[in-house]
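Overview (structure and organization)
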Amino acid sequence: MSGHGTPIPMTSSKCGPLIGEAHVPGDKSISHRSLILGAMAVGETKISGLLEGDDVLDTGRAMQAFGADVINHGGGNWSVHGVGVGGFMEPEGVIDCGNSGTGVRLIMGAMATCDITATFTGDASLNGRPMARVTDPLALFGTQAYGRKGGRLPMTLVGAATPIPVEYATPVPSAQVKSAVLLAGLNAPGETIVIEKEATRDHSERMLAGFGADIKVEQTNEGRKITLQGRPELKPQTIQVPRDPSSAAFPVCAALIVEGSDVLVPNIGLNPTRAGLFETLRDMGANLEYENLREEGGEPVADLRAKYSPDMKGIDVPPHRAASMIDEYPVLSVVASFATGTTMMTGVKELRVKESDRIAAMADGLRACGVTVEDGPDWWSVEGQGPQGVKGGATCASHLDHRIAMSFMVCGMATQNPVSVDDGTPITTSFPIFEGLMGDLGAKLSKE
Ligand code: S3P
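Thresholds applied
Residues numbered from 1 in each chain as written. Predicted model: local features only at pLDDT ≥ 70, side-chain atom pairs only at ≥ 80, totals over all residues. Heavy atoms only, no water. Salt bridge = Lys/Arg side-chain N within 4 Å of Asp/Glu carboxyl O. Helix = DSSP H or I, 4+ residues; strand = E, 2+ residues; numbered from the N terminus. Buried < 20%, exposed > 50% of the residue type's maximum accessible area, 1.4 Å probe, protein only. Near = heavy atom within 4 Å. Polar contact = N/O pair within 3.5 Å; in protein donor to acceptor, adjacent residues only side chain to side chain. Areas by Shrake-Rupley, 256 points an atom, 1.4 Å probe, with all protein chains shown as cover. Nonpolar A, V, L, I, M, F, W, Y, C, P; charged D, E, K, R; others polar. Domains from an automatic or database assignment. Contact = heavy atoms within 4.5 Å. Pairing = 2+ DSSP bridges. Axes fitted to C-alpha atoms, helices over the stretch in contact; angles between N-to-C directions. Core = buried A, V, L, I, M, F, W, Y, C linked by side-chain atoms within 4.5 Å. Parallel < 35°, antiparallel > 145°, perpendicular 65-115°, else oblique. Phe/Tyr/Trp six-rings, centres within 6.5 Å; stacked < 30°, edge-to-face > 60°.

Before going further, it helps to spend a moment on the pattern of salt bridges. Tallied over the entire structure, the rule returns 26 salt bridges. With its nearest N and O atoms 2.9 Å apart, the salt bridge here joins Asp58 to Arg61. Highlighted residues: Asp58 and Arg61, both in helix H2 (residues 54-65), separated by three residues, approximately one helical turn. Among the residues examined, Asp58 registers a relative accessible area of 2% and is labelled buried. Through salt bridges with shared partners, one network takes in Arg129, Arg201, Asp327, Glu355, Arg358 and Asp401.

Structure representation (structure tokens):
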């Protein structure tokens with residue numbers, strides 16, 4: 001539940017080489033889904049390597065409120081005693097999803113076809129984000145939603161007592177929307193179909209299949225078509241959550257811009273729906289190697305080795321790659337500031353409705369650090385200042401957004417003058433060990 005406490009400013013100062021291994025936490029997307037699908041299975045799902053960030057802990061508490069038994073065994077080991085598809089109980093209180101769009105949207109989907117009513121809220125960031133993108137397709141199942149103007153939280157959902165399956169083409173490239181519809185489809189009789197024009201992260205599809213749902217994915221002329229048979233009995237699973245590529249992005253990008261660095265980030269999933277940043281960095285000329293490339297649980301995994309890369313060039317980031325790196329644009333814009341030439345990012349309007357308007361947040365902060373940034377509704381560009389050319393010396397607003405706070409902390413590791421954020425507390429939503437992990441590599445971070 002970030003953003004509920006007192007803001008704590010954080011400062012990053014130019015540091016010597018970053019050297020060592022960075023063991024980043026578990027994947028946030030897979031952690032949410034492990035808890036939610038575990039709660040919808042019959043029996044005990046065992047989870048190891050769960051991300052114990054605020055976002056995921058809020059989802060765990062929510063699953064408990066819907067009747068599942070969520071137990072923390074310590075050391076990242078958790079278990080969930082699920083209540084089965086359609087078995088959610090009506091929560092007694094309001095479900096507070098804190099800062100997490102993924103949490104609230106997926107949970108709304110999971111309860112939408114149960115004969116119960118639930119009220120959702122979040123922090124100031126989440127309560128400003130659009131929910132109609134989820135409640136519109138849920139209405140097709142028969143779910144009613146009563147929220148604030150513009151489809152904002154707090155919002156009450158009345159689940160469909162006799163849900164009907166739906167066919168839905170997602171109007172925005174969003175794994176959260178796709179997943180909400182699929183989770184709702186679990187308790188609707190017959191086939192629920194989701195069609196997405198652009199492929200978004202596919203963890204829900206993979207995990208639903210793993211839990212024993214009958215789910216089929218095909219490429220059609222309209223896009224990627226996912227067909228799910230409703231009313232399966234989900235079988236509890238033993239899940240080892242892989243490390244999060246979106247968290248790996250921070251030590252990797254820091255190593256690329258801090259002189260003399262050599263950092264190994266082991267065991268990172270390179271699922272093609274998530275690995276766009278690493279491809280982009282390599283296209284820019286980053287010294288980033290995939291070591292020990294292998295397959296684990298049907299997904300490509302590698303140890304990432306990132307070394308200081310003073311020769312990176314700005315590029316046009318292909319818009320078709322946007323979904324596979326949507327959370328990584330903020331830190332990419334930092335790397336782009338230390339490259340030579342202009343980096344142009346297009347097809348990125350989704351960035352405007354994340355935990356913050358990420359284009360505006362990064363553009364404001366980078367400009368204050370002496371970087372030229374231009375932006376429009378669906379694009380932005382960053383003019384590289386060269387490997388030693390970024391002035392820094394600014395305090396940037398993190399807007400209750402963990403990735404904005406961490407991106408500016410990475411920036412300050414290589415700027416001429418320190419960079420601060422007004423509030424570092426949002427970092428705990430996804431990367432609670434960020435400060436210690438980066439400090440162990442050699443970063444100079446301090447809190448006021
Ligand atoms: C997520 C999907 C993405 C991403 C978010 C996690 C998920 O959002 O930004 O951090 O786990 O499904 P959208 O699907 O809305 O783009």
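On we go.
With that out of the way, let us pick up the site of the ligand. Neighbouring the ligand are Lys28, Ser29, Arg33, Thr102, Pro173, Ser174, Ala175, Gln176, Arg201, Ile326, Asp327 and Lys354. Interatomic distance of 2.7 Å between a side-chain N/O atom of Ser29 and an oxygen atom of the ligand. Within the contact set of the ligand, an oxygen atom lies 3.0 Å away from a backbone nitrogen or oxygen of Gln176. When the ligand sits alone it has 380 Å² of accessible area, and the protein chains cover 95% of it. Going through the elements one at a time, helix H1 (28-40) and helix H5 (175-185) are the ones with two or more residues in the shell around the ligand. Of the residues forming the shell around the ligand, the biggest block, three residues, is contributed by H1. The class makeup of the residues in the shell around the ligand is three nonpolar, four polar and five charged. Here the shell around the ligand gathers at least three residues from each of two domains, domain 1 (10-26 + 242-447) and domain 2 (28-239).

Right, let's talk about the domain arrangement of the chain for a bit. As assigned here, the chain comprises domain 1 (10-26 + 242-447) and domain 2 (28-239). Here domain 1 and domain 2 have C-alpha centroids that lie 29 Å from each other. Tallying the contact residues gives 23 residues for domain 1 and 25 residues for domain 2. For the pair domain 1 and domain 2, the number of links is four salt bridges. On inspection of domain 1 and its partner domain 2, the count reaches 14 residue pairs in polar contact (both at pLDDT 80 or more). Residue classes in the side of domain 1 that touches domain 2 are distributed as seven nonpolar, eight polar and eight charged.

Pairing in this open sheet of four strands is mixed, and the strands run S18-S19-S21-S20 from one edge to the other. The sheet is open, and its two edges are formed by strand S18 (316-317) and strand S20 (373-376), each paired on a single side. Bridge count for S18 against strand S19 (residues 340-346) is two bridges, and the pairing is parallel. Within the sheet, the bridge partner assigned to Val317 lies in S19 and is Met345. Relative to the sheet, helix H10 (residues 358-368) contacts S20 and strand S21 (379-385), its axis offset from that of S20 by approximately 160°.

For strand S13 (residues 223-229), the tally of buried residues reaches five of seven residues, placing the bulk of the element in the interior. Bridging between strand S11 (residues 191-196) and S13 involves six bridges; their strand directions are antiparallel. Paired with Ile195 across the strands is Lys225, a residue of S13. Strand direction decides the pairing type here: strand S12 (residues 215-220) and S13, joined by six bridges, are antiparallel. Opposite Thr220, over in S13, you have Gly223 as the bridge partner. Hairpin geometry of S12 and S13 is characterised by an intervening segment of two residues between the two adjacent antiparallel strands.

In terms of nonpolar packing, the biggest core is built from 79 residues, with Leu18, Phe278, Leu281, Tyr329, Trp380, Met413 and Met438 touching the most fellow members. When residues of this core are assigned to their parent elements, the largest contribution, nine residues, is made by helix H7 (residues 245-257). Not counting residues within four places of it along the chain, the set of residues in contact with Tyr329 comprises Val317, Arg321, Ala322, Met345, Val348, Leu351 and Trp380.

Attention shifts here to the sheet that holds strand S3 (residues 42-48). The four strands are arranged S4-S5-S3-S14 in an open sheet whose pairing can be described as mixed. The open sheet has two edge strands, strand S4 (69-74) and strand S14 (238-240), and neither has a second partner. Each strand axis lies, on average, 15° off the axis of its neighbour in the sheet, ignoring direction. Pairing between S3 and S14: three bridges, direction parallel. Pairing of Lys46 across the sheet is with Thr238, part of S14. With respect to the sheet, H1 is in contact with S3, S4, strand S5 (77-83) and S14, its orientation differing from that of S5 by roughly 35°.

The subject of this paragraph is the packing of helix H3 (residues 101-111) against helix H4 (residues 132-141). Across the interface, H3 lies against H4 with an axial gap of 10 Å and an inter-helix angle of 10°. Taken together, the axis directions place H3 and H4 in an arrangement best described as roughly parallel. Contact residues: H3 offers Arg105, Met108 and Gly109, while H4 offers Arg133, Val134 and Leu138.

Attention shifts here to the packing of aromatic side chains. One pass over the full model with this rule turns up three aromatic pairs. Seen from their ring centres, Phe250 and Phe434 are 6.2 Å apart, and the 85° between their planes marks the pair as edge-to-face. Taken together, the residues span a long stretch of sequence, with Phe250 in helix H7 and Phe434 in helix H12 (residues 434-441) at a distance of 184 residues. Like Phe434, Phe250 is buried. For the pair Phe431 and Phe434, a centre-to-centre distance of 5.4 Å together with 75° between the ring planes defines the contact as edge-to-face.

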